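Understanding the architecture of this molecule
So you can see what is in the structure, the chains are spelled out below.
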Amino acid sequence: MQHYSMNLKLKVWRQRNANEQGHFETYDVENVSSEMSFLEMIDVLNEQLISKGGEPIAFDHDCREGICGMCSMVIDGRPHGPWKGTTTCQLHMRAFKDGDMITVEPFRANAFPVIKDLMVSRSAFDRIIQAGGYISVNTGNAVDGNALPIEKDKADDAFAAAACIGCGACVAACKNASAMLFVSAKVSHLALLPQGEPERKQRVVNMIAQMDKEGFGSCTNTYACEAECPKEISVLNIARLNREYLDATLSAD
Amino acid sequence: MLDAKIPQGSLSEKWTKYKGSVKLVNPANKRKLEIIVVGTGLAGSSAAASLGEMGYKVKAFCFQDSPRRAHSIAAQGGINAAKNYQNDGDSTYRLFYDTIKGGDYRAREANVHRLAEVSTNIIDQCVAQGVPFAREYGGLLSNRSFGGTQVQRTFYAAGQTGQQLLIGAYQALERQVALGTVEMFARHEMVELVIIDGKARGIIARNLVTGELERHFGHAVLLCTGGYGNVFYLSTNAMGSNVTAAWKVHRKGAYFANPCFTQIHPTCIPVSGDHQSKLTLMSESLRNDGRIWVPAKQSDNRAPNEIPEEERDYYLERRYPAFGNLVPRDVASRAAKERCDAGYGVGTSKQAVYLDYAAAIQRYGKAEESKRNLGSVSSETITALGKEVVKEKYGNLFDMYEKITGENPYEVPMRIYPAVHYTMGGLWVDYELKTTIDGLYALGEANFSDHGANRLGASALMQGLADGYFVIPYTLGNYLAEEIRTNNIPTDHPAFVEAEKNASERINKLISIKGKQTVESFHKRLGKIIWDKCGMARSAEGLKQAIEEVRALKKEFWSDVRIPGGINEMNPELDKAGRVADFIELGELMCLDALERNESCGGHFREEYQTPDGEALRDDENYMYVAAWEMKEENWQLHKESLNYEIVKPSQRSYK
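Residues numbered from 1 in each chain as written. Chains lettered and ligands numbered in written order. Predicted model: local features only at pLDDT ≥ 70, side-chain atom pairs only at ≥ 80, totals over all residues. Heavy atoms only, no water.

1. Section: the overall build of chain A
Along chain A, the regular secondary structure elements total eight helices and seven strands. Projected onto its principal axes, the C-alpha coordinates of chain A cover approximately 65 × 45 × 35 Å. Burial statistics for chain A: of 253 residues in total, 60% are counted as buried. Put simply, 69% of the contacts in chain A that link residues at least 6 apart link residues at least 24 apart. With an accessible surface of roughly 10200 Å², chain A has 48% of that area assigned to carbon and sulfur atoms. Across chain A, the 25 positively charged side chains and the 33 negatively charged ones have centroids separated by 3 Å. (Helix = DSSP H or I, 4+ residues; strand = E, 2+ residues; numbered from the N terminus. Buried < 20%, exposed > 50% of the residue type's maximum accessible area, 1.4 Å probe, protein only. Contact = heavy atoms within 4.5 Å. Areas by Shrake-Rupley, 256 points an atom, 1.4 Å probe, with all protein chains shown as cover. Lys, Arg positive; Asp, Glu negative; His and termini not counted. Charge placed at Lys NZ, Arg CZ, Asp CG, Glu CD.)

2. Some thoughts on the overall build of chain B
What chain B contains, in helices and strands, is 18 helices and 21 strands. On C-alpha atoms alone, chain B measures out to a radius of gyration of 24 Å, which is about the 26 Å that the 2.2 N^0.38 rule sets for 656 residues. Dimensions along the principal axes, computed over C-alpha positions, put chain B at roughly 80 × 55 × 50 Å. Counting only residues that meet the buried cut, chain B has 66% of its 656 residues in that class. Within chain B, residue pairs in contact and separated by at least 24 positions form 74% of the contacts whose partners lie at least 6 positions apart. For chain B, the computed accessible surface area is about 21700 Å², with 48% contributed by carbon and sulfur atoms. Charged side chains of chain B number 80 positive and 83 negative; the gap between the two group centres comes to 2 Å. (Rg over C-alpha atoms; globule rule 2.2 N^0.38 Å.)

3. Some remarks on the sheet that holds strand E5 (residues 101-105) of chain A
Residue and element names in this part refer to chain A. Pairing within the open sheet is mixed, and its five strands lie in the order E2-E1-E5-E3-E4. With one partner strand each, in any of the chains shown, strand E2 (23-33) and strand E4 (78-79) form the two edges of the open sheet. Note that strand E1 (residues 5-14) and E2 share nine bridges and pair antiparallel. Across the sheet, Arg-14 pairs through a bridge with His-23, a residue of E2. Against the sheet, helix H1 (residues 38-51) engages E1, E2, strand E3 (74-75) and E5, with an angle of about 105° to E2. (Pairing = 2+ DSSP bridges. Axes fitted to C-alpha atoms, helices over the stretch in contact; angles between N-to-C directions.)

4. Digging into the nonpolar core
Counting residues in each nonpolar core, the largest one holds 230 residues, and the members touching the most others are Phe-216 of chain A together with Ile-79, Phe-133 and Leu-222 of chain B. Counting residues per element, this core draws most heavily on helix H17 (residues 572-596) of chain B, which supplies 12 residues. Not counting chain neighbours up to four residues away, the residues in contact with Ile-79 of chain B comprise Ile-122, Ile-123, Phe-133, Arg-153, Thr-154, Phe-155, Thr-161, Leu-165, Ala-458, Leu-461, Met-462 and Leu-465 of chain B. Judged by nonpolar contacts, the second largest core, of 27 residues, contains Tyr-27, Val-29, Val-32 and Leu-118 of chain A. (Core = buried A, V, L, I, M, F, W, Y, C linked by side-chain atoms within 4.5 Å.)

5. Here's the deal with the domain arrangement of chain A
Residue and element names in this part refer to chain A. Here the domain parsing of chain A yields domain 1 (5-115) and domain 2 (123-250). If you average the C-alpha positions of domain 1 and of domain 2, the two centres end up 29 Å apart. On the side of domain 2, 20 residues touch domain 1, which itself brings 18 residues to the contact. Roughly 1400 Å² is buried in total at the junction of domain 1 and domain 2, and carbon and sulfur atoms are behind 61% of that figure. Remark: the boundary between domain 1 and domain 2 carries two salt bridges. The partner of Lys-84 in a salt bridge is Glu-232, and the shortest N-O contact between them spans 3.5 Å. Our count for the contact surface shared by domain 1 and domain 2 stands at three residue pairs in polar contact (both at pLDDT 80 or more). Split by residue class, the side of domain 1 that touches domain 2 holds eight nonpolar, seven polar and three charged. (Domains from an automatic or database assignment. Buried area = accessible area lost by both parts, 1.4 Å probe. Salt bridge = Lys/Arg side-chain N within 4 Å of Asp/Glu carboxyl O. Polar contact = N/O pair within 3.5 Å; in protein donor to acceptor, adjacent residues only side chain to side chain. Nonpolar A, V, L, I, M, F, W, Y, C, P; charged D, E, K, R; others polar.)

6. What about the interface of chain B and chain A?
Contacts between chain B and chain A engage 76 residues on the former and 74 residues on the latter. For the pairing of chain B and chain A, the buried interface totals around 6100 Å² over both sides, and the portion due to carbon and sulfur atoms is 52%. Among the residues chain B hides against chain A, the three largest losses belong to Arg-69, Arg-135 and Lys-403 of chain B. Together they make up 11% of the total. Residue Lys-116 of chain A pairs with Glu-569 of chain B through a salt bridge whose shortest N-O separation is 3.6 Å. At the junction of chain B with chain A, the criterion picks out 43 residue pairs in polar contact (both at pLDDT 80 or more). Elements supplying a minimum of two residues to the side of chain B that touches chain A: helix H3 (42-54), helix H5 (109-129), helix H6 (161-179), helix H12 (379-405), helix H13 (460-480), helix H15 (519-534) and H17 of chain B. Ranked by residues supplied to the side of chain B that touches chain A, first place goes to H6 of chain B with 10 residues. Its residues assigned to classes, the side of chain B that touches chain A comprises 29 nonpolar, 28 polar and 19 charged.

7. Digging into empty space enclosed by the protein
Residues and elements named next belong to chain B. Tallied over the full model, the rule gives 12 cavities of 30 Å³ or more. Along its surface, the largest cavity is lined by 50 residues, and His-71, Ser-72, Gly-226, Gly-227 and Glu-445 are the ones closest to its centre. Looking at the lining of the largest cavity, its residues break down into 20 nonpolar, 23 polar and seven charged. Here the second largest cavity is characterised by a volume of approximately 680 Å³. (1 Å grid on protein atoms, 1.4 Å probe; cavity = no way out; pocket = protein on both sides within 12 Å on 5 of 7 lines; lining within 4 Å. Points joined across faces, edges and corners; volume = space filled by probe spheres on them.)

8. Some details on the packing of helix H5 (residues 180-191) of chain A against helix H8 (residues 236-250) of chain A
All names here are of chain A. Look at H5 against H8: their axes get within 8 Å of each other, and the N-to-C directions meet at 70°. It follows that H5 is roughly perpendicular to H8 by the angle criterion. Between H5, through Met-180, Leu-181, Val-183, Ser-184, Ala-185, Val-187, Ser-188 and Ala-191, and H8, the contact on the second element is made entirely by Asn-237, Ile-238, Arg-240, Leu-241, Asn-242 and Glu-244. Along the lines of polarity and charge, the residues of the contact of H5 with H8 split into eight nonpolar, four polar and two charged. (Parallel < 35°, antiparallel > 145°, perpendicular 65-115°, else oblique.)

If you want it as C-alpha cells, here you go:
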C-alpha cells in the first residue's frame, strides 16, 4: 500500500448549542497522512485550533473500532462518509486525495437535536428500546442454554439483525428521517428467536408507537438506510417488521 | 494484613454456604433503598438491571450518550463458561485452575472459584435474553478454544461477542428504566464521592452537556467503571475510558491494588505513525487458526509470501510446543517483543510480526472438499472453499484489518504487535466486592480480584457479568440489610456541599491555568513514559526515572495546560483534562508498585528477574501477596493481603 500526504480544505458545521443558529466554517488542514483515520485528521485540526486560541470541533466518538456506534457525522453528504459498510471512525484518509474539499455536518433529523457542532442527541433510540426492545427475563430465571435448540439459519439471521450498532446513520440517510431500519433490526432479532416469542406482538406494536411519538418520519422504501448502514443491516428486516406489525395489529384481541 | 473476609469451609462450598447464610432484605424495604451504579458496561448494566429487577431504586450513570456504548462492546472473541458441552474434560475446577495458573498465582482462590461456579449461569441468562451466540447445525451452542487452555469452553457471537452480551444487558437495563426501577443518567461523569460517617452515601456527577454539577444520594455506591489502560495513551481502550471515578474514591480512602498488573495483548494492529490516537485489537481467537512467525533471518525485507517455509521462524510453536500459538497473552507478547528487539521484526517500523492464515485456509478448504463430497478439486477451489470458512469464522475481523491497513489478510499475512489492552489491577475489594470504604463496591475490570497478574482470554466478559448478575445481588444485600433504618439523606447535607465545592474548585483551577500546551500533548507524553518504562519490560532503574519524570510532568500540567471554552457548556477538552490529571497521578503509583514488586509474574516483567531462557521468575516466598495502596496526603502507604493457596500448588508456569 502506497502512503501519501495531502493538504485539504474542511467545511465544518459549527453550532454552539441546541438553541443557537449554526453555520459552516472553512479550515485548511495540511500534511494529512493517508494512513490516518478520519477522526485522527479532525484531532490534528483540533490541536491546531486550540494552539491558535480557538475552540475545537465537538464530535461524538469513543471506541474508534466501528462497534460502539457513538461516532456520527455526515461527510460530503453521506452518513459516515464515502466507504460502504464503514463507520466514520474506521474511514481512513486514503479515501481522499490532495486538494480535496470535504464537507462535514451533523446527522440531521428532528428526532436527533444538535447538542454542539457535530454532536447530536440520539436518546430517542434508547426510548424505543425501552418501549419493548428486550425479552422480559429477570436474572436467575434461565433454563440451560442448550435446552432449546435454535436452527442455525435462524440464529444467524437473528445475529445479522442484532449487529446493528444504533448509530442512527439510517435516520440521517433517509429523506424522511425514518427510523424503520433501526426498529426493524431489533424487532427481527427478537422475533426470530424462540425466546422472543411470548412478547412478539406487543413488542412490535409498542416500539412502532414510540418511534412515531419521537417524531421519526415514515418509510417510503428508498433503501438509502441500507446503502449507508455501516453494519449493512438489510432492508429485508423492514419487510419483516411490516409483516410482524400487520400480524400483531390484525390479530390483536 | 488486609482481611478479604473469605467465608470458612472448603473451597467448593464457600459460595454456596455464603449464599445460604447471607442477610436478606425484604421486598418492602428494597423499594426504599437507593443504589448508585457508575458505568454501564457489562458489570454496570447487568448489576443495575438485576438490582432493579429485585426492587431496589437504582440510579445508573455513564459518560457516553447511551449505556449501550460502554467499551465492553468492543470485546471480540468470546466468553468462557465451564459447561463442558464439548465433552472434552472441562469442569468448574478446570476453569478455576486455568484462571489461577493463567494469573500466575497472584489471584484470590475463593473469588476465582466462585467465578468458575457462576460462569455457566451467565450463558443460560444470556441465551434467555436473546443473545445470538454462534450455533452448530444441530441448533446447539458452538464453542472455540482460547489462549491458556486446552479445552473448548469459549462461547461467541462471531467476532462481536462483547457487543451482543452488552446489548443483552443494555436491553435488560432499559426494560428496568421503562418499569421505573432504574433512572438513567447518560452523558454524566462522576467527579466526587460523598462519604458520611465513614460510609459511601452518594456522588457528585457532572452533566457533560450543561457542565452543571449534580448531587445524588445512594445507600450504596457501585463503581463499574472499567480499567485504566488509557494511562498509556495508546491502548485498545475506547477514547473515553478513564480512571477518574476509581481515582476519586482512591483519593478518599479506597485502596488501589496491584496497579502494575497491566495486560499487553499480543495481537493488535501495529502503530502507523505519530497521528495514532488508539490501537485496534485483533481478537485472540485468531490465534486458534493463525500461525505467528517472523523471518528466520534478521532484517529480511522480502514480501512475506516470497519467504519460503524453511526460512520462517514460527517462534511460539518452537518455544512452546505444548501450547504453540495458544500460549497466554503475557507469554505471547513478550515473545513478540523479544523477536523484534533482536532484529527480526517486519513491516516498515520493524515493530511487528506476521499472523498467517495461509495454512488454515488450506486446511479448511480440504475439510470442506471432503465434507461436501466434491471428489478431487483444483487447488484454487480448495483455497476458495477455505477462504469461505475463514470468512464465516473471522470475517468481521479480517474486514476491520483491511479497513485500517489497506491490506487484504486473505492474501497476505497480517502484521501484528502487542498493545495495552486490559488492567488486572484496580480497586481492592473483599470477597463481597466491597472496597475499603464501607458501602462502596467495585465490579468488573474496575476491581482487581480475579485475574491475578495476567488475565486469560474470554474471561473479562465472564467476570463482568458474574459480578453484575450473580455476585452483587447477593453480597450487596448483606450490607443493605443493615441500612433499612437509614432514611434518604437530603443532598443539602454538609458532606454533599463540601464534595461539590471540591469538585467545583478543581474544575475552576483547571480552566484558569490558561497555559500553552494542549491536554492531548500531556497525555501523549505520559503514555510514552509509562510505555517505555512500565510497559512490557520494567527495571528498577527505569522505574525510578519514570517516577521522577511523571512528577515533573504533573507540575508542568498544572501550570501550563491550555483548556479552551467554558465550564457551563459541553466542553470535551475540559472533560479530558480532568481525566488526564488523574492518569498522571495513577502513572506514578503504577511505577511505584512495579518498583516495589521485585519479581516477574504475569504481565509484570522485571528484567532483573527472569529464568535463563527468558521466562518470568516469580518470588513466592516474598511476593505472594496483593499490594494494596492507600493514599496519604500526596504519598502512598502499602498494605498487603497475603494469598493462601489451599487447593492449587503454585509452580513455575510452563506452557512448553
